[in-house]
Amino acid sequence: MICSTVVNRRLAACAQVVAPVSSTYWWSGDVQQAEEWLLLMKTTADRFEDLAACVRELHSYEVPEIVAVPIVQGTPDYLEWIRRETSPERGE
């Protein structure tokens, strides 16, 4: 649901699920282990806050992992595709 919503709202040009991943983390004072799914989304820096708000709205976790990893380099046509497909003027 998160994938289709963020793409339909043009908050991400693409959303990919990598599953499953094994996670070990601190939560509520204890070390937890869980099977989780990694969601990668391609967007622009300008759309990050709206994308993060949408993920928070839809995610079941109290504190979902929402981080931005900068694209250091990419082909011009691919980067333009991300920019074009996440443009608010195209839909949302």
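Small disclaimer: the values here were computed from a predicted structure and weren't measured.

Draft legend 1. The arrangement of unusual backbone geometry in detail. Between Ala19 and Pro20 the backbone carries a cis peptide bond, its omega angle lying at -20°. The topology assignment puts Pro20 in strand 1 (residues 14-27). Unusually for a residue other than glycine, Arg10 sits at a positive phi of about 60°. Structurally, the position occupied by Arg10 is in the loop between helix 1 (2-8) and strand 1.

Draft legend 2. Spatial organisation of helix 2 (residues 48-58). Those residues of helix 2 that fall on the buried side of the exposure criterion are Leu51, Ala52, Cys54 and Val55. Seen from one end, helix 2 has its buried residues packed into an arc of 160°, which puts them on one side. In helix 2, the exposed positions that point more than 90 degrees away from the buried face belong to Glu49, Arg56 and Glu57. As for helix 2, its buried residues are in contact with helix 1 and strand 2 (30-42).

Parameters at a glance
- Residues numbered from 1 in each chain as written.
- Predicted model: local features only at pLDDT ≥ 70, side-chain atom pairs only at ≥ 80, totals over all residues.
- Heavy atoms only, no water.
- Helix = DSSP H or I, 4+ residues; strand = E, 2+ residues; numbered from the N terminus.
- Buried < 20%, exposed > 50% of the residue type's maximum accessible area, 1.4 Å probe, protein only.
- Arc of directions from axis to C-beta.
- Contact = heavy atoms within 4.5 Å.

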